[in-house]
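Coordinate inspection notes
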Amino acid sequence: MTSELITDIGELSTFAGHEDRRANAALVIENGRIAWIGDAEHPPVADVRTSVGGRAVLPGWVDSHSHLVFAGDRSAEFEARMAGTKYAAGGISTTVNATRAATDAQLESNLRALRDEARAQGTTFLETKTGYGLDVDTERRSAEIASRGADVVTFLGAHLVPEGISARDYLDLVTGPMLAAVTPWVSFIDVFCERGAFDVEQAREVLLAGRAAGLGLRVHGNQLGQGGGVALAVELGAASVDHCNYLTPADLDALAGSDTVATVLPACDLSTREPLAPARALLDAGVTVAIATNCNPGTSYTTSMQFCIATAVLQMHLTVEEAVRAATRGGARALGRDSGADAVGSLRVGGRADLQVLDAPSISHIAYRPGVPLTAATWLLGQRLPPAVTRAARAAF
Ligand SMILES: N=CN[C@@H](CCC(=O)O)C(=O)O
Ligand SMILES: [Zn+2]
């Protein structure tokens, strides 16, 4: 099996827990894994030598929150919002109607185009959710399609109570036949615990049914106002609670004393004109923070982790290193994948060779040069992605 030495690295960021950023380093990839990390002056013998010419090398992004199984467009809703209309959960139904009407091939092609767009920008590990079907058949096919394009799939049948059914009957469906239909394809269950979606008791019922089916738990919480989503996530030991825009001091304390990751979604905060999530306060309280895109057609139509990181630095007051860690190791933690043989989001000997090279000497350029796409090359499980694959989304016309 061919081994590849990556050398002339300007700055190596590993996020493996020690020497997170180092100069004069090199690494060797073999069999899809990192075989060696060390001093560039004393590398082991390798079959192939790749010089990155002083550029920065770091883990690929772990985007731990997206909604990529959908059809249709909500740019008119976005324009209205930019003109002053407030975001409300009800907008989800526009995408539900378009998604139900789409064929499997259309949904899969959209998902793959967005996944490739993300990869071209350095994302090597991606979670995505169902949640625009909201009937048994469309949720099942959404989950199956998602499993062919994403690394982790989350069941979000509890996104909104669709038209034509009572909340009680819909909860019975979500926690019964719908859950049974998606279970082969998903590893987490999620619920939108918010005004206009599901209240705390309804959310608890959904999460407990998911847990009984063997799924991990996640919560969309405290996005549009203070509520019980964060407290419920902590109470039930959810892997993450996502959004976290409106936190009380008690929410902060609860998160700080827990293993639940707070996932912040900076692009969504800007696109919905909600206050930015208090990522600085969360980190200061000792909470593990993840940064993700929340790519979806309603509230955050971007696959750019770099945009999210730059926003977290420039507007949420994270340091560059904190933000990049949150977008790699933090995302991995939110997905339960930050340790063990299948760990992602860090570069360590024996771990997956999922990495990217920036067209910049250090990670600081991600925020220092905001809006500039800096990923120059990406390796996924040790294989360098060909430019043709990463440009596929744009070539298809
Ligand atoms: N908040 C709930 N769900 C999505 C948005 C859904 C939509 O408006 O389409 C989110 O994470 O922002
Ligand atoms: Zn979301």
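First, a word on scope: everything that follows refers to the structure included in this document. (Residues numbered from 1 in each chain as written. Chains lettered and ligands numbered in written order. Predicted model: local features only at pLDDT ≥ 70, side-chain atom pairs only at ≥ 80, totals over all residues. Heavy atoms only, no water.)

Another point: the pattern of salt bridges. For the structure shown, the criterion picks out 28 salt bridges. A salt bridge links Arg 21 to Glu 11; the shortest N-O distance between them is 3.0 Å. With Arg 21 in strand S3 (residues 21-22) and Glu 11 in strand S2 (residues 11-13), this residue pair connects regions lying 10 residues apart in the sequence. Classification of Arg 21 as partly exposed rests on a relative accessible area of 32%. Glu 11 gets classed as buried once you look at its relative accessible area, which sits at 11%. (Salt bridge = Lys/Arg side-chain N within 4 Å of Asp/Glu carboxyl O. Helix = DSSP H or I, 4+ residues; strand = E, 2+ residues; numbered from the N terminus. Buried < 20%, exposed > 50% of the residue type's maximum accessible area, 1.4 Å probe, protein only.)

Two numbers describe how helix H4 (residues 136-149) lies on helix H5 (residues 167-182): the axes approach to 8 Å, and their chain directions differ by 40°. In this view, H4 runs oblique relative to H5, as classed from their interaxial angle. Regarding H4 and H5, the two cross each other, and that crossing is right-handed. In contact with Val 136, Glu 139, Arg 140 and Ala 143 of H4, H5 contributes Leu 173, Pro 177, Met 178, Ala 181 and Val 182. (Axes fitted to C-alpha atoms, helices over the stretch in contact; angles between N-to-C directions. Parallel < 35°, antiparallel > 145°, perpendicular 65-115°, else oblique. Left-handed = near helix turned anticlockwise from the far one by under 90°. Contact = heavy atoms within 4.5 Å.)

Moving on, we get to the coordination of the zinc ion (ligand 2). Those protein atoms acting as donors to the zinc ion (ligand 2) are His 65 (NE2), His 67 (NE2), His 220 (NE2) and Asn 294 (OD1), and they sit at 2.0 to 2.6 Å. Positions of the donor residues of the zinc ion (ligand 2) along the chain correspond to the pattern H-x1-H-x152-H-x73-N. Considered together, His 65 and His 67 belong to a single accessibility category, that of buried residues. (Donors = N, O, S within 2.8 Å, 3.2 Å for Na, K, Ca; no water.)

Once that is clear, we can look at unusual backbone geometry. In this model, Asn 222 sits at a positive phi of 55°, which is unusual for a non-glycine residue. Tracing the backbone through its elements, the reader meets Asn 222 in the loop between strand S12 (216-221) and helix H7 (229-235).

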